[in-house]
Amino acid sequence: MAVVLHPLAPGGRRVGLSVGDAEVGLERLRVGQVERLGQLGGWEWSPETGETHWSPYLHELFGLDPGQPPPGFAQGEPLFTAATWPRLHQAIDATRTGGGGFEVEVEFARRDGSLGSAVVRGEALLDAQGRVVQLFGTIQDISWRKQAERELSATRAMLDAALASMSDAVWLCDAQGRLVDVNEAFVRNHRFADKTRCLEAFAADPLLLELSWPDGSPAPTAQWPAPRALRGESGSSVEYAVRRRDNGERWTMSYSFGPVRDRTGRLIGAVVTGRDITLLKQMQVTLEASRRQLQQVLAELQRAEERERQRIARELHDDLQQLLGAIRLDLSSIGRQAGLEHTAVPALLERTAAIADLAIEAVRRIVSDLRPRILDDLGLAAALESLAADFRAHSRIASALQVRGAHGADAQLSAEEATCLYRVAQEALNNVHKHAGATRVTLLLDFESTAGTVLVIDDDGKGIDPADLGKPGSFGLQGMVERVQALGGHLNVEPGPGGGTRVAASLPPRSAPAAA
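Fair warning: this is a prediction, and the values are worked out from it, not measured in the lab. Sequence order as written defines residue numbering, which begins from 1 separately in each chain. Only residues with pLDDT of at least 70 are given local features in this predicted model, and only at 80 or more are side-chain atom pairs given and counted; all residues enter the totals for whole chains, interfaces and linings. Processing note: side-chain calculations cover all non-hydrogen atoms of the structure and skip hydrogens and water entirely.

**Student:** Looking at this structure, how should I read the pattern of salt bridges?
**Tutor:** Here a salt bridge means any side-chain nitrogen of Lys or Arg lying within 4 Å of a carboxyl oxygen belonging to Asp or Glu. Following the criterion strictly, the structure yields 23 salt bridges and no others. Close ionic contact of Arg275 with Asp168 constitutes a salt bridge, the shortest N to O distance being 2.9 Å. A residue pair is termed long-range when its members are at least 10 positions apart, and Arg275 in strand β13 (residues 267-276) and Asp168 in the loop between α4 (143-165) and β8 (169-174) qualify at 107 residues. A salt bridge links Arg231 to Glu233; the nearest nitrogen and oxygen atoms lie 3.0 Å apart. By relative accessible area, which is 43% here, Arg231 ends up partly exposed. Only protein chains enter the area calculation, which uses a 1.4 Å probe; residues under 20% of their type maximum are buried, those over 50% are exposed, and those in between are partly exposed. On the accessibility criterion, Glu233 (27% relative accessible area) is partly exposed. Residues joined by salt bridges that share partners form a network here, namely Glu105, Arg145, Lys146 and Glu149. Helical segments are the DSSP runs of H or I of at least four residues, strand segments are the runs of E of at least two, and each set is numbered from the N terminus.

Written out as structure tokens, the structure is:
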């Protein structure tokens, strides 16, 4: 049997062990494994004798021969960097003279020249008279932790730089909804003077902001961005009206949000981004007001255009067409009176009469294009029927009109509404003739739709490319859209259900007259 003094006994004190040599070797092996796992080694130093003892792990940590005695206190300086050795020396010296203990973080040099980090802890052992007779303690390798801290610090610096460069507000909260961090854009967008005051204000009152829906109704707290993200929801560009409860200031924000999870999928927080859209909303209101004014101007221009068309059509019909008709009658009379006395006269008169007939027909067509009398006299359904017949005759494309609603239902339309739908049909048929390559066109005039009065023109042509809808120079299509919108309606141009193109215009129902 042997008696061994082991330097790693609990408390750093030597303990006598009576064990067999094999058991000693096994115990030392176990202790070495524990040291490596914990990256922790023990040391002892006697100030009186200068005797030093190290556990095996410390020899390994510093790259020294475990068969050689470890360096004493005075010889320890080469093991540590010049920046940290003075702190360690001072702590050991103070403990040696005054007792107590210490803990110092140091940098040490490995045999390969690389630097490591460690925490040196020590405590004094006193005799019965209170004198320090021994120092003992541990050295723990924390290189991995320091490396992780450096990487975390670098990552944090990159994150801070990224957040600082973002124009959108960003804030992070933990799993309990507590504000963790914000960027400078958040501070500005939420009307704070600086980041410190912002964080202090939210720490004092987590519900400092009051959120409402765009219509002004209060948004329940559970529907705010962070609570939704902490339930695992994600959202993009959700609009809220924001009010600060401390000063009453109001503005409008668009928030996007989502949960933050760790590698195991456990929810650990939420990230919310926001953009101040107050100015954008104001611009939209101004733009919408300008658009309404523009529509009113366009509507007035279209009414003036229709009045001018009507005037020109009436003058052509009442004056020029009557004059041409009178010329035609006079030519016929001259032909009868000339008889056979001048054989060339009848033929000349016949050609002249034919030219007059063509002129009369051209005037009728121009009058119809300018302002079809049938639209004023018989209504929209009859005018569309006539338009479809003329289109059929000139284009050789089959066309048909279907009307849903009681006979005379078009009488409920104002002159502006009837003209608007007629012009839409006119432009749509013109486009079919020029571009569609169609063999058939159908027109549906629906007075029974809940959407109001609806006109649908379908063709079986090659269809329309959506890119063509916004192409510069599409004035005919733009004109149709503006005409319909000026009356509060909608116009859609889209692929037809059976191919080709569908043009659908709808005008809202007219308000019923107030009861007497």
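Alright, that's what it looks like, and here's the rest.
**Student:** So what exactly am I meant to see when it comes to the sheet that holds β8 here?
**Tutor:** Strands in a sheet are paired, the pairing made by backbone hydrogen bonds, and the direction either parallel or antiparallel. In space, the six strands of this open sheet follow the order β9-β8-β13-β12-β11-β10, with antiparallel pairing throughout. Bordering the open sheet on either side are β9 (179-182) and β10 (209-212), each of which pairs with just one other strand. Across the sheet, the mean angle from the axis of one strand to that of its neighbour is 35°, orientation sign disregarded. Here the rule is simple: two strands pair whenever DSSP picks up at least two bridges between them. In the sheet, strand β12 (residues 250-261) pairs with β13 via nine bridges, with the strands oriented antiparallel. Across the sheet, Gly258 pairs through a bridge with Val271, a residue of β13. Any two residues whose heavy atoms approach within 4.5 Å at even a single point are treated as in contact. The convention used is that axes are lines fitted to C-alpha atoms, helices contributing only their stretch in contact, and that angles between N-to-C directions extend from 0 to 180 degrees. Sheet strands in contact with helix α6 (residues 195-204) are β9 and β10, and its direction is about 160° off that of β9.

**Student:** Please explain the side chain of Thr453 as it appears in this structure.
**Tutor:** Structurally, the position occupied by Thr453 is in strand β16 (residues 453-459). If we ignore the near neighbours within four places in the chain, the residues touching Thr453 are Leu413, Leu421, Leu445, Asp446, Phe447, Ala505, Ser506 and Leu507.

**Student:** Help me out: how do you make sense of the sheet that holds strand β15 (residues 440-446) in this one?
**Tutor:** Strand order across the open sheet formed by five strands is β14-β15-β16-β18-β17, with mixed pairing between neighbours. Two strands bound the open sheet, and with one partner strand each, they are β14 (398-404) and β17 (490-495). Direction aside, neighbouring strands of the sheet carry axes that sit 10° apart on average. Inspection of the sheet shows β16 paired to strand β18 (residues 501-507) by six bridges, in the antiparallel sense.

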